[in-house]
Amino acid sequence: MPRAFAIFIVVIGLAVPASAQPAAEVERVRAHLVAARSFVEARDVSALTPQQRTQRTAALAILDAYIARGVFPVRGADGYGELQPRFIDARGVHCAVGEMIAQTGHADLAQAINRDFEYAKVVDIHSSALLAWANDYGFTVNELARIQPGYSSPPTETSVRHDIERQSDEAMLACASSPPPSKARIRMICSRDGDVRLQAPDDATDFERCFAGAVEPGRYGGAMDPSPTAFDHTISVTLRTPRQVLDARLNTELGLAPQCSPRPGPLARTATLSVTNSADDELKINVTTTPANPQIARCIQAYLAPPLHDFRSVGNFTYARTWDVSHMTSQAVQTAATRLATGFATDCYDRETAPAKLSLAIVAQPDDETFVISAKANAAYAKCVADKLAPALRKHFTVTREVGGNPQPYFRIDNAVDARVSFTVELPVERAARLERERKKEEALRAALEKQRQAEMRRQQYE
């Protein structure tokens, strides 16, 4: 029988000892360690010296006993969220890696690591003494990192409510077989062990029962000292309507498929999205443009269909929205030109003709071949800038469309443009100084990254 499997049998058969952690948290940490133990067992150690193999076996025996004992560190008031490692807790309980170090006769090293890296992950513990111990006992840093578990933070009424509110849109959509209410009650129950349950109140409506079943509590374990506070509280969650959820998604998460316009054919000015859900839960999405341009409509419809899939559960849902699909508005051209022209102005700098400030007018009509860029003064200098800016704007506003299943670039001025751009001309010497400052910052960053890489290589030298 492989050793890892034997360990699994022994661990499962043990009773969970009393500790500051709830049983579910103990079993979670224990399962992590059993899986890590199997990972470590699978490593080929033939390249290790006999002494390294002997000491590795002794350290793993300590780990086996630690897993079986089932007493693990608990979190203090550390300010971290989610799962976080802790090397040695306030009771003196060591983490798995710390236990192996201490019980192999290196308790001082475990304390030193705890002093400087109490809540650090193994890969972030910069200790030559730890690397030396790992080498002596035949472990790689990667193995120690796999062994090290994280410990959970306790639930609070505020954190559980946040979990519920974060999922409220999706839960509402899943349960809205008929028009949903504006509020839903849900009961939050937390034991002193940190176990969280969400359920509907005793007098709940069908929607509230569905809503409570659709929301999942966050990942908590109550591994704190002192233990979490128990609570049993029914709250009322304010719900957005399906229309409000869809509006928000289109405004922020989904956008309105800007790369779908322009296309050949009539110059579409607006697009209209229509969404309906019939009684048989068949979601219908339809997009039309005015003037009608089937290529743009099909592109937008294909873009929006996957993210709207979860509205299929919303009963008797209808939605319509119209928006401007002109790709090349004056504001969009002004924003792009301001960003691009400043660099070209420095490239074109001539002490005899260049002004301290430059103002450009950028105009175009639908289906013009290119932009007309001009300036009231400094004509020769402005022409140099314009000759560079026009192709850059063309590239910026080029979209990709499918032709015969292959992507192809497509450019078309689809709107009247009248943009004005004014900016201070950066002198070549000023740009050189700025670029030198940026270069030095980049060098410092590269040096820091190289230092980090070298440290990682030192950690991995024993793999």
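As shown above, the structure is provided for reference.
Just so we're clear, the structure is a prediction, and the values are computed from it rather than from any experiment.

Draft legend 1. Region of interest: the overall build of the protein chain. The helix and strand inventory of the protein chain stands at 15 helices and eleven strands. When the 463 residues of the protein chain are sorted by exposure, 42% land in the buried category. Long-range contacts, defined here as pairs at least 24 residues apart, represent 75% of the contacts in the protein chain between residues at least 6 apart. When the accessible area of the protein chain is evaluated, it comes to approximately 23900 Å², of which 53% is carbon and sulfur surface.

Draft legend 2. Spatial organisation of helix α5 (residues 107-117). Buried within α5 are the following residues: Leu109, Ala110, Ile113, Asn114 and Phe117. Seen from one end, α5 has its buried residues packed into an arc of 135°, which puts them on one side. Opposite the packed face of α5, turned more than 90 degrees from it, sit the exposed residues Asp108, Arg115 and Asp116. The secondary structure elements touched by the buried residues of α5 are α4 (96-103) and α6 (128-136).

Draft legend 3. Here's a closer look at the side chain of asparagine 293. Tracing the backbone through its elements, the reader meets asparagine 293 in the loop between β5 (283-290) and α12 (294-304). By relative accessible area, which is 2% here, asparagine 293 ends up buried. For asparagine 293, the contacting residues outside a window of four places in its chain are Arg263, Pro264, Gly265, Pro266 and Ala268.

Draft legend 4. Representation of the pairing of strand β6 (residues 318-324). Burial along β6 is one-sided: the residues Tyr319, Arg321 and Trp323 are buried and none of Thr318, Ala320, Thr322 and Asp324 is. Where strand β4 (residues 270-277) lies against β6, seven bridges are found, and the strand directions are antiparallel. Across the sheet, leucine 273 pairs through a bridge with arginine 321, a residue of β6.

Draft legend 5. Expanded view of the nonpolar core. If you look at the biggest cluster of nonpolar residues, it comprises 46 residues, and the most contacted ones within it are Ile164, Phe211, Leu273 and Ile300. The contacts of leucine 273, once residues within four sequence positions are left out, are Leu250, Ile285, Asn286, Val287, Leu304, Tyr319, Ala320, Arg321 and Trp323.

Draft legend 6. Region of interest: the pattern of salt bridges. Within the structure shown, the criterion is met by 28 salt bridges. Here aspartate 89 makes a salt bridge to arginine 91, at a shortest N to O gap of 2.7 Å. You can call arginine 91 partly exposed: its relative accessible area is 36%. As a salt-bridge pair, aspartate 387 and lysine 383 come within 2.9 Å of each other at their nearest N and O atoms.

Draft legend 7. Examining unusual backbone geometry more closely. Residues serine 261 and proline 262 are joined by a peptide bond in cis, for which omega reads 5°. Following threonine 290, the chain continues into proline 291 via a peptide bond in cis, with omega recorded as -15°. Positive phi values are uncommon outside glycine, yet asparagine 316 reaches one of about 50°. Looking at where asparagine 316 falls in the secondary structure, it is placed in the loop between α12 and β6. Located in the positive-phi region is asparagine 378, a residue other than glycine, with phi close to 55°. Its place among the elements puts asparagine 378 in the loop between β8 (372-374) and α14 (379-396).

Draft legend 8. Highlighting the packing of helix α3 (residues 50-69) against α4. Where α3 contacts α4, the two axes come as close as 9 Å, and the packing angle between them is 130°. In this view, α3 runs oblique relative to α4, as classed from their interaxial angle. At the point where α3 passes α4, the crossing takes the right-handed sense. Across the interface between the two elements, Ala59, Ile62, Leu63, Tyr66 and Arg69 of α3 pack against Ala96, Glu99, Met100 and Gln103 of α4.

Draft legend 9. The packing of aromatic side chains, seen in detail. Enumeration according to the criterion identifies seven aromatic pairs in this entry. Between tryptophan 133 and phenylalanine 139, the ring centres sit 5.8 Å apart and the planes meet at 5°, which makes this aromatic pair stacked. Take tryptophan 133 and phenylalanine 139: they sit in the same class, and that class is buried. Ring centres of phenylalanine 371 and phenylalanine 411 lie 6.4 Å apart, and the angle between their planes is 65°; on these two criteria the pair is classed as edge-to-face. With phenylalanine 371 in the loop between β7 (357-364) and β8 and phenylalanine 411 in the loop between β10 (406-410) and β11 (417-424), the pair connects residues that are 40 residues apart, well separated along the chain. One exposure class covers both phenylalanine 371 and phenylalanine 411, and it is buried. Ring-pair connections join several aromatic residues into one group, and the members of that group are Trp133, Tyr137 and Phe139. The ring of phenylalanine 39 has arginine 146 lying over it, and the distance from NZ or CZ to the ring centre is 3.9 Å.

Draft legend 10. Region of interest: the sheet that holds β11. Spatially, three strands are ordered β8-β7-β11 in an open sheet, and the strand pairing comes out antiparallel. Edge strands, defined here as strands with exactly one partner in the open sheet, are β8 and β11. Strand-to-strand twist of the sheet, defined as the mean angle between neighbouring strand axes without regard to direction, takes the value 20°. Looking at chain direction, β7 and β11 are connected through eight bridges and run antiparallel. Note on β11: the bridge partner recorded for alanine 364 is valine 417. Across the sheet, helix α13 (residues 330-347) touches β7 and β11, and the angle it forms with β11 is around 35°.

Rules used in this analysis
Residues numbered from 1 in each chain as written. Predicted model: local features only at pLDDT ≥ 70, side-chain atom pairs only at ≥ 80, totals over all residues. Heavy atoms only, no water. Helix = DSSP H or I, 4+ residues; strand = E, 2+ residues; numbered from the N terminus. Buried < 20%, exposed > 50% of the residue type's maximum accessible area, 1.4 Å probe, protein only. Contact = heavy atoms within 4.5 Å. Areas by Shrake-Rupley, 256 points an atom, 1.4 Å probe, with all protein chains shown as cover. Arc of directions from axis to C-beta. Pairing = 2+ DSSP bridges. Core = buried A, V, L, I, M, F, W, Y, C linked by side-chain atoms within 4.5 Å. Salt bridge = Lys/Arg side-chain N within 4 Å of Asp/Glu carboxyl O. Axes fitted to C-alpha atoms, helices over the stretch in contact; angles between N-to-C directions. Parallel < 35°, antiparallel > 145°, perpendicular 65-115°, else oblique. Left-handed = near helix turned anticlockwise from the far one by under 90°. Phe/Tyr/Trp six-rings, centres within 6.5 Å; stacked < 30°, edge-to-face > 60°. Lys NZ or Arg CZ within 6 Å of the ring centre and 35° of its normal.

Note that all results are geometric; they support no functional claim without further evidence.
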